[in-house]
Structure formats: structure tokens, C-alpha cells
Amino acid sequence: GESVGLHLPTLSVQEGDNSIINCAYSNSASDYFIWYKQESGKGPQFIIDIRSNMDKRQGQRVTVLLNKTVKHLSLQIAATQPGDSAVYFCAETSGNTPLVFGKGTRLSVIA
Amino acid sequence: KAGVTQTPRYLIKTRGQQVTLSCSPISGHRSVSWYQQTPGQGLQFLFEYFSETQRNKGNFPGRFSGRQFSNSRSEMNVSTLELGDSALYLCASSLVINNEQYFGPGTRLTVT
């Protein structure tokens, strides 16, 4: 079946720099997307979501961009901090189908 | 508002045994989903319940089952445990289906 994938399995950034985590999805029918952050020993934490009728949504220090033409999703983290170090997952769903998660990208912040 | 709680947090079982995991959703949330997380397979969907009815089921054998109670609390059961069932089992709740899901800390199951 179709699933969500990620371009980069690991990402290292300097503290204070901006981070961009990418995600490719294959189900063109997906209409709702979520980014999650998972720290070691914890469950995934909701960061931000976006529906398919939008192409950009901003939160606190985070921005999600959705490009439906190329089925691409990205998470931008501004002024990356050590506390941002974690694994980030994108997830997609359409209608009443379950969330499908990507494999995850590990973000490592270098102080 | 309290978050999603899962019990127990850690569990060690022997092959062939069965196990029951519990999840209490955020107050007011009526949808509960279960996921299995392993290093090799990532987060895989098990099942989703809404108002005591199973709405979706993932591609797992019949040894995996679940239910939801009238107070939205949910349990999942795994019978005849196999070594490959060792994983972090995560529960997530949401107000309704296809809405933002909030995860609990998970139950770490080790099968020996």
C-alpha cells in the first residue's frame, strides 16, 4: 500500500540555525497531515498540522509547507535549540483512514 | 487537562503468554488509536476505536485485539506472544476521527 516516506534519515544543525525536515507522501488522496516530535523514552508529541486546502501554516518557531503538486511536506524550525533534538515524523491521512507515519528523521542540534 | 495515560509502562512476558495493555484518553476524547513502534518497522497502526466501535484495523494477525469502553478507555490484548511482539505500544486519543491525535508515553513490552 501507499506510505509516507522521508528524504533524510538524519539531520545535524548548529544551534541557532534553521532546520528543514522533508517528507514525501504518495497518496494523492491524503488531505490531512501532521508533524510529530518524539524524544527518547516518550510518545510522539503533536507539533503542527495542515489540511490540504492550505499550503502553509505557522506555529511557534515552526512552519509547515505543503506542496500538493509534488506531494511534498516540510517542517521548518526557526532558531533551532538543543531541546529540538528528537526524531520527527510526518503522518498523513485521508477521510477516515488511519494515520500513516513516515520512518522518521533524527534531528541533532550541535551546541 | 491530563494527557493520555497508559499502563503499565513496562512489561516483560514470556513467549506464549498473553498481555493486556490499558489506555485512558484525554477527557472528552472519544477516539482512541493504538500503534506498535519498533526500530525496524517504525510506527504501525493497529486499530482505532470511536464510541466503543472499531472503525479501522491495521494489518496485524488476529492475536492482536482491542476494545473500547463506554468511558472511552481502551484496552488492547495480545495473545500467544512471540518474540517479534517486543515493541513500544502507543495509544493516541483525539476528539473525533481524522483529527489531531495526542499520544501517551507508551508501554514497553519485552517478550523473552
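(A) Representation of the interface of chain B and chain A. At the interface, 21 residues of chain B touch 21 residues of chain A. Between chain B and chain A lies a buried interface of about 1,500 Å² when both sides are counted; carbon and sulfur atoms form 51% of it. The interface formed by chain B and chain A holds 0 salt bridges in total. At the boundary of chain B and chain A, one finds 4 residue pairs in polar contact (both at pLDDT 80 or more).

(B) Seen up close, unusual backbone geometry. All names here are of chain B. Each neighbour pair has its own omega, and for Thr7 with Pro8 the value is -10°, a cis peptide bond. Note that Pro8 resides in the loop between β1 (5-7) and β2 (10-13). Located in the positive-phi region is Ser51, a residue other than glycine, with phi close to 50°. When you line up the elements, Ser51 lands in the loop between β5 (42-50) and β6 (53-57). One non-glycine residue with positive phi stands out, namely Glu52, at about 70°. Residue placement: Glu52 occurs in the loop between β5 and β6. We classify Glu52 as partly exposed; its relative accessible area is 47%.

(C) Representation of the nonpolar core within the structure. Residues B:Trp34, B:Leu46, B:Phe64, B:Met76 and B:Tyr89 are the most contacted members of the largest nonpolar core, which totals 21 residues. Contributing elements (two or more residues each) for this core: β3 (19-24), β4 (31-38), β5, β8 (74-78), β9 (87-94) and β11 (107-111) of chain B. Setting aside residues no more than four positions away along its own chain, B:Leu46 makes contact with B:Trp34, B:Tyr35, B:Gln36, B:Lys57, B:Gly58, B:Phe60, B:Phe64, B:Met76 and B:Tyr89. If you look at the next biggest cluster of nonpolar residues, it comprises 20 residues, including A:Tyr25, A:Phe33, A:Val62 and A:Tyr88.

(D) Structural context of the pairing of β3(B). All names here are of chain B. Where β1 meets β3, 3 bridges bridge the pair, whose relative direction is antiparallel. Looking at β3, one finds that Thr5 is bridged to Ser24. Direction of pairing for β3 relative to β8: antiparallel, over a ladder of 5 bridges. Of the residues in β8, the one forming a bridge with Thr20 is Asn77.

(E) Up close: the sheet that holds β1(B). All names here are of chain B. Spatially, the 4 strands line up as an open sheet ordered β1-β3-β8-β7, and their pairing is antiparallel. Two strands lie at the open edges of the sheet, namely β1 and β7 (64-68), each paired on one side alone. Geometrically, the sheet is characterised by an average inter-axis angle of 20° between neighbouring strands, direction not taken into account. Sheet topology places β7 next to β8; 5 bridges connect them, and they run antiparallel. If you follow Gly66 over to β8, its bridge partner there is Met76.

(F) Summary view of the state of the cysteines. As enumerated under the stated definition, the model contains 2 disulfides over all chains in all. Across the disulfide, A:Cys23 is cross-linked to A:Cys90 (sulfur-sulfur distance 1.9 Å). Note on the A:Cys23 and A:Cys90 pair: the S-S dihedral is about 60°, so by sign convention the disulfide is right-handed. You can see A:Cys23 sitting in strand β3 (residues 19-25) and its partner A:Cys90 sitting in strand β9 (residues 86-93), a full 67 residues away along the chain. Summarising the burial analysis for this pair, A:Cys23 and A:Cys90 share the class buried. One disulfide in the model links B:Cys23 with B:Cys91; its S-S distance is 1.8 Å.

Definitions and cut-offs
Residues numbered from 1 in each chain as written. Chains lettered and ligands numbered in written order. Predicted model: local features only at pLDDT ≥ 70, side-chain atom pairs only at ≥ 80, totals over all residues. Heavy atoms only, no water. Contact = heavy atoms within 4.5 Å. Buried area = accessible area lost by both parts, 1.4 Å probe. Salt bridge = Lys/Arg side-chain N within 4 Å of Asp/Glu carboxyl O. Polar contact = N/O pair within 3.5 Å; in protein donor to acceptor, adjacent residues only side chain to side chain. Helix = DSSP H or I, 4+ residues; strand = E, 2+ residues; numbered from the N terminus. Buried < 20%, exposed > 50% of the residue type's maximum accessible area, 1.4 Å probe, protein only. Core = buried A, V, L, I, M, F, W, Y, C linked by side-chain atoms within 4.5 Å. Pairing = 2+ DSSP bridges. Axes fitted to C-alpha atoms, helices over the stretch in contact; angles between N-to-C directions. Disulfide = S-S within 2.5 Å.

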